[in-house]
Amino acid sequence: MNMHKYFHPFTKLYINSIRRTEFFTMDSMHFHDGYEMYYLTEGSRNIFIEDDLYKITAGTILFIKPMEMHYSYTTNDPVHERFAINFNREMYGNALTDDEFSSMVSVFDKRIISLNKEQQRYVTEFLKITEKQALNKNSSFSVKSALAGIMSLCSYFDTIASEGEQSNEDAFIVNAVKYINESFRNDISLADVVKIAKLSESYFCRQFKKITGATFLQYLTNIRLREAHNLLVTTKQTISDIAEISGFSSTAQMTRAFRQNYGISPSELKRTGNSKNI
């Protein structure tokens, strides 16, 4: 997996479990070109996805779709354990038709589910086995078994009713994020967003960084980059048009942002048409 500041592409199935006993907050918000299941098995976490904030506890599963911005940060209790599962359409190849894969990932429309104790024991043990299979990169059968396991989990989760709710904490910041997500194509400023949030600028900036993992300008640039990224690989529009549509003041500004965050220029991404190359 190549790592970039905000965009993390996955070329292979990724299943990772980790337990932390000290306070931990992600370095920055990020997004993937694939699907992610985030399963908390112990403790609690604050998870920011797009413009929704969730405070989750053990037994909660969050479903994160491709290109959705997300970020996790600590609660008052630092101890937590989680599984992260990342996959995309390409990994299943001809094993599934497009319609079958779409049916498989329809569970991601639920966003959040909560497991009871019996379900938690089953899913945790299942994922421990699947993680070992995914780590055995030298055996194509093991990796295929892991992919089949993820398919089975999606089917199992589809039978569980959606349950969970957004956190009401910092609602003013969440509303400000929604405004940015809807208005990033326009010329918006920190002053505009602070006015929406009805907070002092200093308090807004502290809380915004806490929840999103980014400053206002970093977040705005990242949202614009994500839009440009998608248009570059999925449309035939010119780079200058994409810069304008995405909210950048010029092609030069967009190019600088791409080089700083992706390490390549927009023209290089457009030429390859493949996010895996960045």
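In what follows, the structure referred to is the one given above.
The rules behind each value
- Residues numbered from 1 in each chain as written.
- Predicted model: local features only at pLDDT ≥ 70, side-chain atom pairs only at ≥ 80, totals over all residues.
- Heavy atoms only, no water.
- Helix = DSSP H or I, 4+ residues; strand = E, 2+ residues; numbered from the N terminus.
- Polar contact = N/O pair within 3.5 Å; in protein donor to acceptor, adjacent residues only side chain to side chain.
- Contact = heavy atoms within 4.5 Å.
- Core = buried A, V, L, I, M, F, W, Y, C linked by side-chain atoms within 4.5 Å.
- Buried < 20%, exposed > 50% of the residue type's maximum accessible area, 1.4 Å probe, protein only.
- Salt bridge = Lys/Arg side-chain N within 4 Å of Asp/Glu carboxyl O.

Caption draft 1: Structural view of the side chain of asparagine 181. Secondary-structure assignment places asparagine 181 in helix α4 (residues 171–183). A polar contact of 2.8 Å, which involves the side chain of asparagine 181, links it to the side chain of tyrosine 219. Excluding its chain neighbours within four sequence positions, the residues that come into contact with asparagine 181 are Glu50, Asp51, Tyr219 and Ile223.

Caption draft 2: Focus on the nonpolar core. If you look at the biggest cluster of nonpolar residues, it comprises 41 residues, and the most contacted ones within it are Ile180, Phe204, Tyr219 and Phe258. Secondary structure elements with two or more residues in this core: β6 (70–73), α4, α5 (190–197), α6 (201–212), α7 (216–234), α8 (239–245) and α9 (251–261). Setting aside anything within four residues of it in sequence, one finds isoleucine 180 in contact with Ile188, Val193, Phe208, Phe216, Tyr219 and Leu220. If you look at the next biggest cluster of nonpolar residues, it comprises 31 residues, including Phe83, Phe87, Met104 and Val123.

Caption draft 3: Summary view of the pattern of salt bridges. One pass over the structure, following the stated rule, counts eight salt bridges. Put simply, glutamate 50 and arginine 226 hold a salt bridge, and the shortest N to O gap is 2.4 Å. With glutamate 50 in the loop between β3 (44–49) and β4 (52–57) and arginine 226 in helix α7, this residue pair connects regions lying 176 residues apart in the sequence. Both residues of the pair, glutamate 50 and arginine 226, count as buried. A salt bridge links glutamate 227 to arginine 185, with the shortest nitrogen-to-oxygen separation between them at 3.1 Å. Within this pair, whereas glutamate 227 is found in helix α7, its partner arginine 185 is found in the loop between α4 and α5, the two being separated by 42 residues in sequence.

Everything listed here is a matter of coordinates, which is why it stays silent on function.
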